[in-house]
Amino acid sequence: MAPPSKQVASFADAVHDIPDGAVVAFGGFAMPGVPYNLIKALHAHGAKNLTCIANTTGGAQQPRMPDIGMLVENGQVKKVICAFTAATRASDVLPFTKYYESGEVEAELVPQGTLAERLRAAGAGIPAFYTPTAVGTELAEGRETRMINGREYLLEYALPVDYAFVRATRADTFGNLQFHRSQRNFNPVMATAARVTIAELD
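Parameters at a glance
- Residues numbered from 1 in each chain as written.
- Predicted model: local features only at pLDDT ≥ 70, side-chain atom pairs only at ≥ 80, totals over all residues.
- Heavy atoms only, no water.
- Helix = DSSP H or I, 4+ residues; strand = E, 2+ residues; numbered from the N terminus.
- Rg over C-alpha atoms; globule rule 2.2 N^0.38 Å.
- Buried < 20%, exposed > 50% of the residue type's maximum accessible area, 1.4 Å probe, protein only.
- Contact = heavy atoms within 4.5 Å.
- Areas by Shrake-Rupley, 256 points an atom, 1.4 Å probe, with all protein chains shown as cover.
- Lys, Arg positive; Asp, Glu negative; His and termini not counted.
- Charge placed at Lys NZ, Arg CZ, Asp CG, Glu CD.
- Pairing = 2+ DSSP bridges.
- Expected span 1.5 Å × (residues − 1).
- Arc of directions from axis to C-beta.
- Axes fitted to C-alpha atoms, helices over the stretch in contact; angles between N-to-C directions.
- Phe/Tyr/Trp six-rings, centres within 6.5 Å; stacked < 30°, edge-to-face > 60°.
- Lys NZ or Arg CZ within 6 Å of the ring centre and 35° of its normal.

**Q** What is the right way to read the overall build of the chain from this model?
**A** Each helix and strand in the chain was counted, giving six helices and eleven strands. Scaling as 2.2 N^0.38, a compact globule of 202 residues should have a C-alpha radius of gyration of about 17 Å, and the chain matches this with 17 Å. Taken over the C-alpha atoms alone, the chain extends approximately 55 × 45 × 30 Å along its principal axes. In the chain, which comprises 202 residues, the proportion classed as buried is 41%. Counting only contacts in the chain whose residues sit at least 6 apart along the sequence, the fraction spanning at least 24 positions is 73%. Total accessible area computed for the chain in this model is approximately 10800 Å², and 52% of it derives from carbon and sulfur atoms. Taking the 18 positively charged and 20 negatively charged side chains of the chain as two groups, their mean positions are separated by 5 Å.

Take a look at the structure:
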């Protein structure tokens, strides 16, 4: 007998059991690969005290699409772990910024490659690793480093996830996903790091 389909009827059904306090990773690299409909459904669902993991908090693109910033504005987010906590251009203003500066939301800034590797490590069952990235910067202050072959490395820990929201080009009913172009940047590693992956399809 064939196993049951992993498809669900709606985006609301896909997110309805996400509890308060969950750690949720959001795929995408800028706009391509962002699971906009899942973010919109989570916004409507209303789960609170979330820890959100993403490359950026979003909000700079116009017209504005559903993003982590909207979850922050809705009072659903406790902490954001991302590579960009501010806009890359002075002319862009991220909605997240004022909430962080007022102390309403925590932020953990992680170099982009380190963020990807922490997620990959979680999926591979590797608890921690050493990297030269961020050594000698504010991000390394008070943290463990080690000299290896004459070079200093910073200890980074794996980043396991409760739920990963990803966007893929297509899938089958068993949950196998096919990613296209820049959808591959963060979506696959977030999926492997997560206990549950929810995929939005093109």
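**Q** Got a minute to help me understand the pairing of strand S8 (residues 161–168) in this structure?
**A** Within a regular strand, the side chains alternate between the two sheet faces. With six of eight residues buried, S8 is to be regarded as a mostly interior element. Of the pairings in the sheet, the one linking strand S1 (residues 23–26) to S8 comprises three bridges and is parallel in character. Residue pairing for S8: Ala25 is matched across the bridge by Ala164. Bridging between S8 and strand S11 (residues 194–201) involves seven bridges; their strand directions are parallel. Note that in S11 the partner of Val161 across the bridge is Ala194.

**Q** Is there a simple way to explain helix H5 (residues 112–124) in this structure?
**A** For H5, with 13 residues, the first-to-last C-alpha span of 19 Å sits near the 18 Å given by 1.5 Å per residue. When H5 is considered as a whole, its buried residues turn out to be Thr114, Leu115, Arg118, Leu119 and Ala121. Buried residues in H5, looked at end-on, bunch into an arc of 160°, giving them a common side. Following H5 by one or two positions, Gly125 has its phi on the positive side, about 80°.

**Q** What's the story with the sheet that holds S1 in this structure? I'm lost.
**A** Strands pair in a sheet through their backbones, by hydrogen bonds, and they do so in one of two ways: parallel or antiparallel. With parallel pairing, the six strands of this open sheet are ordered in space as S4-S3-S2-S1-S8-S11. The open sheet has two free edges, formed respectively by strand S4 (106–109) and S11, since each of these has just one partner strand. Averaged over all pairs of adjacent strands, the angle between strand axes in this sheet comes to 20°, irrespective of strand direction.

**Q** How do you make sense of the packing of aromatic side chains when you look at a structure like this?
**A** In this description, an aromatic ring pair is defined by two values, namely the gap between the centres and the angle between the planes. Tallying each qualifying case throughout the model produces two aromatic pairs. Residues Phe26 and Phe165 carry aromatic rings whose centres are separated by 5.4 Å and whose planes lie at 80° to one another, so their mutual orientation is edge-to-face. One end of the pair, Phe26, is in strand S1; the other, Phe165, is in strand S8, and 139 residues separate them in sequence. Both residues of the pair, Phe26 and Phe165, count as buried. When the centroid spacing of 6.0 Å and the interplanar angle of 15° are considered together, the rings of Phe96 and Tyr100 count as stacked. Of this pair, Phe96 and Tyr100 both sit in helix H4 (residues 95–101), four residues apart, which is roughly one turn of the helix. Taking NZ or CZ as reference, Arg195 lies 5.2 Å from the ring centre of Tyr163, over its face.

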